[in-house]
4 protein chains.
Amino acid sequence: MDSFAPTKDDRFSFGLWTVGNPGRDPFGEAVRPVQDPNHLVRKLAECGAWGVNLHDNDLVPFGASASERDRIVGEFKATLEDSGMVVPMATTNLFSHPIFKDGGFTSNDPKVRAFGLQKTMDAIDLGVELGAKIYVFWGGREGTEADACRDPQEAMKRYRDGMNYLCSYVKDQGYDLKFALEAKPNEPRCDMYLATTGHMLHFIETLDHSEMVGVNPEVAHETMAGLSFTHGVAQAMEAGKLFHIDLNAQRIGRYDQDLRFGSEDLKQAFLLVRLLEGTSGSTPYDGPRHFDAHAYRTEDMDGVWEFAVGCMRTYNILRARARAFDADPEVRALTATITDDTLDPLLAAGYSSDNAAALRAVSIDVDATAARGLGYEIS
Amino acid sequence: MDSFAPTKDDRFSFGLWTVGNPGRDPFGEAVRPVQDPNHLVRKLAECGAWGVNLHDNDLVPFGASASERDRIVGEFKATLEDSGMVVPMATTNLFSHPIFKDGGFTSNDPKVRAFGLQKTMDAIDLGVELGAKIYVFWGGREGTEADACRDPQEAMKRYRDGMNYLCSYVKDQGYDLKFALEAKPNEPRCDMYLATTGHMLHFIETLDHSEMVGVNPEVAHETMAGLSFTHGVAQAMEAGKLFHIDLNAQRIGRYDQDLRFGSEDLKQAFLLVRLLEGTSGSTPYDGPRHFDAHAYRTEDMDGVWEFAVGCMRTYNILRARARAFDADPEVRALTATITDDTLDPLLAAGYSSDNAAALRAVSIDVDATAARGLGYEIS
Amino acid sequence: MDSFAPTKDDRFSFGLWTVGNPGRDPFGEAVRPVQDPNHLVRKLAECGAWGVNLHDNDLVPFGASASERDRIVGEFKATLEDSGMVVPMATTNLFSHPIFKDGGFTSNDPKVRAFGLQKTMDAIDLGVELGAKIYVFWGGREGTEADACRDPQEAMKRYRDGMNYLCSYVKDQGYDLKFALEAKPNEPRCDMYLATTGHMLHFIETLDHSEMVGVNPEVAHETMAGLSFTHGVAQAMEAGKLFHIDLNAQRIGRYDQDLRFGSEDLKQAFLLVRLLEGTSGSTPYDGPRHFDAHAYRTEDMDGVWEFAVGCMRTYNILRARARAFDADPEVRALTATITDDTLDPLLAAGYSSDNAAALRAVSIDVDATAARGLGYEIS
Amino acid sequence: MDSFAPTKDDRFSFGLWTVGNPGRDPFGEAVRPVQDPNHLVRKLAECGAWGVNLHDNDLVPFGASASERDRIVGEFKATLEDSGMVVPMATTNLFSHPIFKDGGFTSNDPKVRAFGLQKTMDAIDLGVELGAKIYVFWGGREGTEADACRDPQEAMKRYRDGMNYLCSYVKDQGYDLKFALEAKPNEPRCDMYLATTGHMLHFIETLDHSEMVGVNPEVAHETMAGLSFTHGVAQAMEAGKLFHIDLNAQRIGRYDQDLRFGSEDLKQAFLLVRLLEGTSGSTPYDGPRHFDAHAYRTEDMDGVWEFAVGCMRTYNILRARARAFDADPEVRALTATITDDTLDPLLAAGYSSDNAAALRAVSIDVDATAARGLGYEIS
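Residues numbered from 1 in each chain as written. Chains lettered and ligands numbered in written order. Predicted model: local features only at pLDDT ≥ 70, side-chain atom pairs only at ≥ 80, totals over all residues. Heavy atoms only, no water.

Student: Summarise empty space enclosed by the protein; cite the residues concerned and give the values.
Tutor: Considering only enclosed or pocket space, the largest cavity measures out at about 390 Å³ in volume. If you go around the largest cavity, you meet 35 residues; those closest to its centre are A:Ile252, A:Gly253, B:Gly253, C:Gly253 and D:Gly253. Grouping the amino acids of the lining of the largest cavity by side-chain chemistry returns 19 nonpolar, twelve polar and four charged. (1 Å grid on protein atoms, 1.4 Å probe; cavity = no way out; pocket = protein on both sides within 12 Å on 5 of 7 lines; lining within 4 Å. Points joined across faces, edges and corners; volume = space filled by probe spheres on them. Nonpolar A, V, L, I, M, F, W, Y, C, P; charged D, E, K, R; others polar.)

As structure tokens, this is what we get:
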């Protein structure tokens, strides 16, 4: 009996592109054969996953005919049904084909922008047909190598036009679908627009239908830039905008490693699970726990399934540790809110001329307050 | 006759803390004597600067009596008058004193939060008295070493409460003052809240009086994290939120170097000046060009003034180069908008059911579009 | 009974500058009072440490008279005796005083180079008097901001001249002392010479008395640059050059954080302890386990002592985990040497014309070898 | 007449894999067709290059028969002859095939190590047949994802065994060939052994035939880790170990970008050319100026040739600027050796008891020496 074994209630999901990743990298060829999507779904179900996510072309090849597409989708829906798996999220591949080499929605070329919209509307239809409630946008080519090629303000406008267009499409179709925007600072481009979850959160506020758009932060993407992932996620949660999340592991200042969740920077992984689960008392995240990771190139398919189970078990182990941490009386004492009978009501009351006068009149013992040790180095 | 010599029309400003920096660092003592603020103002005027900025304690020592404060301020105002210098921006030092060791507005301790508000209201009064129209907030201690000490969502709320309070104070006093928030990813804390200009732009949208709050991006702060500075600034400009800017230089993944503007990553400096000056056709930034930099520790005061002139001349040289670049016919041809008689009107019209049907019906030659070379490697 | 409590047999040491660190940083003043060195030694002894290390000026102020120096040293030796503590390592402060602002041994100015030698000879005498067997060199100012100021090849020569001079001094005095060189890529300078343990190891081979010179790698210094600390340490160990080690924690791409050992990147800390302790079967490191770390600025002196105990307990916990890991049969199976009856003797024999002909004649099943999964993603 | 146009005297070379790079990346398919090596050679000659370098499989496909190999090589030699091009350097592809997924020379599997030796001996034969005098080793797979899989000290030993074997092979064959080892900190592995040029320089000293082994530093590889490229190159030059160099451009903390030389961090590129050309008075580097870069994915083949010319012209422009810089009287004055009649002879004499006594007796005016400004912030 493994108390950390994944169950459907954990709502763990994997992309088809993750466990199906053949292990090609910039310096090496594939190390594993391409896998049939239906096989992947069945194996994920066996491992204890709840959902499977996909880019349009993970399932339906680029340029497939309508009848081929329908045949593939029909078989896949049957497999989902048989295996009891759901598709919580879908997305569009706007980065693999050379047509997107200098951008999708932000390209200088209207042909590329138009094709990006066509492809995404088709892919949204596909996602909705499969039951997806979340639609992710990762603008892998929205950025530059030669930055002088495009006014970055113009790029913002084009990006916004694209998102507004697609929001309207979803509403017009009556789809029950929300968008989740995924930031990344660089790679494959030298510099990408809307580099972090912070930039995305602001961009969303400028959209016509911002209420249906949130973020999909990815551990690896924020960590590449050395940013605190938990701070960015917390900002999104506090704003009610954490619609989806991509769990994996990454070292700072590297290429996009997409390593197994928890395999690097265990402390950040712990802090993240603690935040998502709300063990310290805040509202937990209730969306899918999605792993956007892939196994080492050293592995064959057996290793891939070990990897998948490892992602999920690590999450469950960290959840148990987070609960234990926040139940610990020493931790509780150290993180408890400090109260002050004079100041608390004054601060809670917010600004008014009178409140400010009262606040300014309070004499604070600066040296004593400064000297207090906070006990964070507890051994 | 130096055609790049700074003039008042260039609106260059320096902080008192920049040219007055004695060159102390974590591993070494001061290499230059502390300078009298009045002397710094007179020398900056000689060098061709237009403005001087300050933290409260750059001018008035922490804990000074009211009469001492008034005497110091009176003398400083006379010096400004004599030298024809203005104070475009002021700010609060909420980071040097040990009381702020675990945060100012986000501290767990209400005494610290209250003291932060008291100190800032006083410092706003000082800034306004000196003529400042922009008030900067850099939350140097708003972050953590031991991240478990505080729920980061709670930190967001406290930060917001602080900003709302102070916005109300400014409005209540009838001050003609805008706020500009300055992000930094780390240092002096391990991780700081609202790590980038993107995070700040979103945070501002959640404030009670967001219309009076914009950003003050700093080259060094975004560059530490390896982010494209111009992309972040462009996002702020496009949103009408670039209220101030801190110009300096920095290498990626280092401590906060605050080097002379243009002395590292010359291409980014060029792209930034091009963006601020709008030489490619976009609306230019019309605020102060502020240098938040300091001279190498190898320098005596003569070197400091060479440094100050160097910052300003470099900006002017880059402005001239940006104008020449965007006047070049080859550049114009490469960056010109691509037009398409069929697609342009369809894209410009935005979404409707009919427009979308028409857009989806357009057949795009994917291979031909993909094969087109864009000419960015022009030799 | 705490089974991880430090004992003298663990050979843990701290610098006076670590537990005595008052917590000043580039943006803030000291948060703790300066501590008497004798008090620090007594407290370290209480905490379970075995040794204490020092820079000359940690004990004897810069510019102290000979009699003052002797009085201080006499008292300190008595304290060491009383508390049963040793001084395993000493070093010179060649970075705090402004005279070193553009280098010590590599300065363009012969006055600075000469003063560096004078100061170091005095400091070596002090270290030897206190019983030190290891003398560390950290060239905190050996580098540049304005790199054009000095031919870096000339800097190598000057650095070597300095080290050769001091090696000869030690031999001439008949001291039983080895040197350990400590690399750092940047900070306080923009770029420092001999940036990593690898560069140092090579430099050592070019010295007149390389046999008495090894390295003192520091976790934080290699990690700043995102390098694998264990790989560098392993290279030094394999070469018999790991004479000392500085244990702490650091995030990649940051200022020099010197955090508590194990508090960041727990996996690297585990791998390091495993390597130092030789639990996988290799020869263990037998020198001091030195912590070059300091407590968070949030702490008072109680927190500093919690921090010190925490460094040592974390090491002991990781040692226990490393032993358990390498005793695990699954781990043993995965990391076992793969044998091949044909190839092993051919490879072991080394090169000869005949061996090479034989090796080339062996037919290797490339596809089968490539397809083998290595099992590193074990869940 | 373009005074910066490349000529044969400039000794510029490109890898077949650079101008022939089809632009595939981790997130996208090839954007340019695969090019015939003979065509590439003819075009490089037209552009003004002097040499072309190659991996074995850039010319001869993996697994080609002996007769196919000979036919290909024969045609290629004729093309070289016709176009007046040379092959100054060759190397082995020990990274693309899945057999190398967990290392070549350092693999745990003797089959892989043996195959690596077989393949490299064949590739050395090929390189020598084509006239190469330098043989590069880039150990793209010599490293780890799961670091616990192998004792890093054992990896050092295996790496050394491999290099010793191949040195002996070259000597035994009577080849006029030197080895140049190329370091990289990470990618494609998470962490690679011998991470920097410094680590390589030390490793070389441990080889049986170290005299025939030097380094091949690459701008991008050292820059990824934020290290000063010029410092590492200077250390190699000073040791007589700079046997080859890979010129390109890179931003710190990113994936391996291999951008056009000079297109990022122009100051470092300038300092590098200055060092290689010896314009400040030191001995110049006399080997090939090799570009290991590739054009943006936005480019078609026309853009690739613009890129190639751009690499070479940028080098020539920077050479001219370096000469002008070092001819400038102000620069000369700032970088001139400081002399001191008393100290210079004492320092030049090196250590003796008497010299040391004399040196210690000199009174140095510490405050005056410290106060001197060095003038590096010249405007």
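Student: Quick one: what's the story with the sheet that holds strand β3 (residues 89-91) of chain D, residue by residue and with numbers?
Tutor: Strand pairs in the sheet, formed through backbone hydrogen bonds, run parallel or antiparallel to each other. All names here are of chain D. In spatial order, the strands read β8-β6-β4-β3-β2-β1-β10-β9; together these eight strands make up an open sheet with parallel pairing. Of all the strands in the sheet, just β8 (213-215) and β9 (246-247) have a single pairing partner and so form its edges. Both strand β2 (residues 51-55) and β3 contribute to a ladder of two bridges, which runs parallel. Paired with leucine 54 across the two strands is alanine 90, which belongs to β3. The strands touched by helix α6 (residues 152-173) within the sheet are β4 (134-138), β6 (178-182) and β8, with β6 carrying the most contacts at an inclination of about 155°. (Pairing = 2+ DSSP bridges. Helix = DSSP H or I, 4+ residues; strand = E, 2+ residues; numbered from the N terminus. Contact = heavy atoms within 4.5 Å. Axes fitted to C-alpha atoms, helices over the stretch in contact; angles between N-to-C directions.)

Student: Lay out the sheet that holds strand β10 (residues 289-291) of chain A in plain terms, naming residues and giving numbers.
Tutor: Residues and elements named next belong to chain A. Spatial strand order, β8-β6-β4-β3-β2-β1-β10-β9: eight strands in an open sheet with parallel pairing. Strands at the two margins of the open sheet, each flanked by one partner only, are β8 (213-215) and β9 (246-247). Here three bridges tie strand β1 (residues 12-15) to strand β2 (residues 51-55), and the two strands are oriented parallel to one another. What sits directly across from glycine 15, in β2, is asparagine 53. In this fold helix α7 (residues 197-205) packs onto β6 (178-182) and β8, with an angle of close to 170° to the strand it touches most, β8.

Student: An account of the relation of the copies chain B and chain A is requested, with residue identities and associated values reported.
Tutor: Taken as rigid bodies, chain B and chain A are interconverted by a rotation of 180° and an axial shift of 0.0 Å, the fit giving an RMSD of 0.0 Å. Such values leave the two copies arranged in the relation of a two-fold axis. A symmetric contact is evident, with 100% of the interface residues of chain B recurring at the interface of chain A. (Least-squares fit on C-alpha atoms with pLDDT ≥ 70 in both.)

Student: Any details on the environment of A:Leu80? Residues and values, ideally.
Tutor: All names here are of chain A. Mapping leucine 80 onto the fold places it in helix α4 (residues 66-83). For leucine 80, a relative accessible area of 6% puts it in the buried group. Each C-alpha atom of the pair leucine 80 and aspartate 341 lies 58 Å from the other, and the pair is 261 residues apart in sequence. If we ignore the near neighbours within four places in the chain, the residues touching leucine 80 are Val41, Val52, Met85, Val87 and Leu130. (Buried < 20%, exposed > 50% of the residue type's maximum accessible area, 1.4 Å probe, protein only.)

Student: How would you sum up the nonpolar core? Please name residues and give values.
Tutor: Core analysis: the biggest nonpolar cluster contains 102 residues, and A:Phe14, A:Phe76, A:Phe179, A:Phe261 and A:Leu276 have the highest contact counts within it. Looking at this core element by element, the count peaks at eleven residues for helix α11 (residues 301-327) of chain A. (Core = buried A, V, L, I, M, F, W, Y, C linked by side-chain atoms within 4.5 Å.)

Student: Describe in detail a negative patch on the surface, supporting the description with residues and values.
Tutor: On the surface, A:Asp328, A:Glu330, C:Asp302 and C:Glu306 cluster together into a negatively charged patch. Summarising the element assignment, A:Glu330 is placed in helix α12 (residues 329-335). (Patch = residues over 30% accessible without salt bridge, like charges linked within 9 Å, V, L, I, M, F, W, Y side chains within 5 Å. Areas by Shrake-Rupley, 256 points an atom, 1.4 Å probe, with all protein chains shown as cover. Salt bridge = Lys/Arg side-chain N within 4 Å of Asp/Glu carboxyl O. Lys, Arg positive; Asp, Glu negative; His and termini not counted. Charge placed at Lys NZ, Arg CZ, Asp CG, Glu CD.)

Student: For the interface of chain B and chain A, give the residues involved together with the corresponding values.
Tutor: In this complex, chain B contributes 91 residues to the contact, which on the side of chain A involves 91 residues. Together chain B and chain A conceal approximately 7900 Å² of surface at their shared face, both sides included; 61% is due to carbon and sulfur atoms. At the surface where chain B touches chain A, the tally comes to ten salt bridges. Here B:Glu238 and A:Lys157 are joined by a salt bridge, their closest N and O atoms 3.0 Å apart. Counting every contact that joins chain B to chain A gives 36 residue pairs in polar contact (both at pLDDT 80 or more). If you tally residues by element for the side of chain B that touches chain A, the top one is helix α5 (residues 110-129) of chain B, at eleven residues. Residue composition of the side of chain B that touches chain A, grouped by class: 44 nonpolar, 26 polar and 21 charged. (Buried area = accessible area lost by both parts, 1.4 Å probe. Polar contact = N/O pair within 3.5 Å; in protein donor to acceptor, adjacent residues only side chain to side chain.)

Student: Lay out the environment of B:Thr144 with the relevant residues and their values.
Tutor: By the element assignment, B:Thr144 lies in strand β5 (residues 143-144). Considered as a pair, B:Thr144 and B:Lys101 are 43 residues apart in the sequence and their alpha carbons are 9.5 Å apart. The contacts of B:Thr144, once residues within four sequence positions are left out, are A:His231, B:Cys149, B:Arg150, B:Arg189, B:Cys190, B:Asp191 and B:Tyr193.

Student: An account of the interface of chain A and chain D is requested, with residue identities and associated values reported.
Tutor: Contact with chain A, which involves 34 residues of that partner, is made by 34 residues of chain D. Roughly 3300 Å² of surface becomes buried between chain A and chain D when both sides are summed, with 52% attributable to carbon and sulfur atoms. When the buried area of chain A at its contact with chain D is split by residue, A:Arg24, A:Phe27 and A:Tyr255 rank highest and sum to 22% of it. Taken together, the connections running from chain A to chain D amount to six salt bridges. A:Asp25 is the partner of D:Arg141 in a salt bridge, and the nearest nitrogen-oxygen pair spans 2.9 Å. Linking chain A with chain D are 16 residue pairs in polar contact (both at pLDDT 80 or more), by the criterion used here. Residue classes in the side of chain A that touches chain D are distributed as 13 nonpolar, six polar and 15 charged.

Student: Can you tell me about the relation of the copies chain A and chain D, naming the residues and giving the values?
Tutor: The two copies are related by a screw motion: chain A maps onto chain D through a turn of 180° and a shift of 0.0 Å along the axis, at an RMSD of 0.0 Å. When the interface residues of chain A are mapped onto chain D, 100% of them again lie at the interface, so the same face is used by both copies.

Student: Describe the packing of aromatic side chains, and please don't skip the residues or the numbers.
Tutor: Residues and elements named next belong to chain A. Throughout the structure, instances matching the rule amount to 76 aromatic pairs over all chains. Ring centres of tyrosine 135 and phenylalanine 179 lie 6.4 Å apart, and the angle between their planes is 55°; on these two criteria the pair is classed as tilted. Taken together, the residues tyrosine 135 in strand β4 (residues 134-138) and phenylalanine 179 in strand β6 connect sequence positions 44 residues apart. With respect to class, tyrosine 135 is no different from phenylalanine 179; both count as buried. (Phe/Tyr/Trp six-rings, centres within 6.5 Å; stacked < 30°, edge-to-face > 60°.)

Student: Explain the packing of α4(A) against helix α5 (residues 110-129) of chain A residue by residue, including any values.
Tutor: All names here are of chain A. The N-to-C vectors of α4 and α5 enclose an angle of 30°; their axes lie 11 Å apart at closest approach. In terms of orientation, α4 lies roughly parallel with respect to α5. Taken as a pair, α4 and α5 cross one another with a handedness that is right-handed. Contacts from Arg69, Val73 and Lys77 of α4 reach α5 at Asp125, Leu126 and Glu129. By residue class, the composition of the contact of α4 with α5 is two nonpolar, no polar and four charged. (Parallel < 35°, antiparallel > 145°, perpendicular 65-115°, else oblique. Left-handed = near helix turned anticlockwise from the far one by under 90°.)

Student: Residue-level account of unusual backbone geometry, with values.
Tutor: Residue C:Pro188 is bonded to the preceding C:Glu187 through a cis peptide linkage, with omega at 10°. Within the secondary structure, C:Pro188 sits in the loop between β6 (178-182) and β7 (191-192). The backbone phi angle of A:Glu187 is positive, close to 70°, even though this residue is not glycine. Here A:Glu187 is to be found in the loop between β6 and β7 (191-192).

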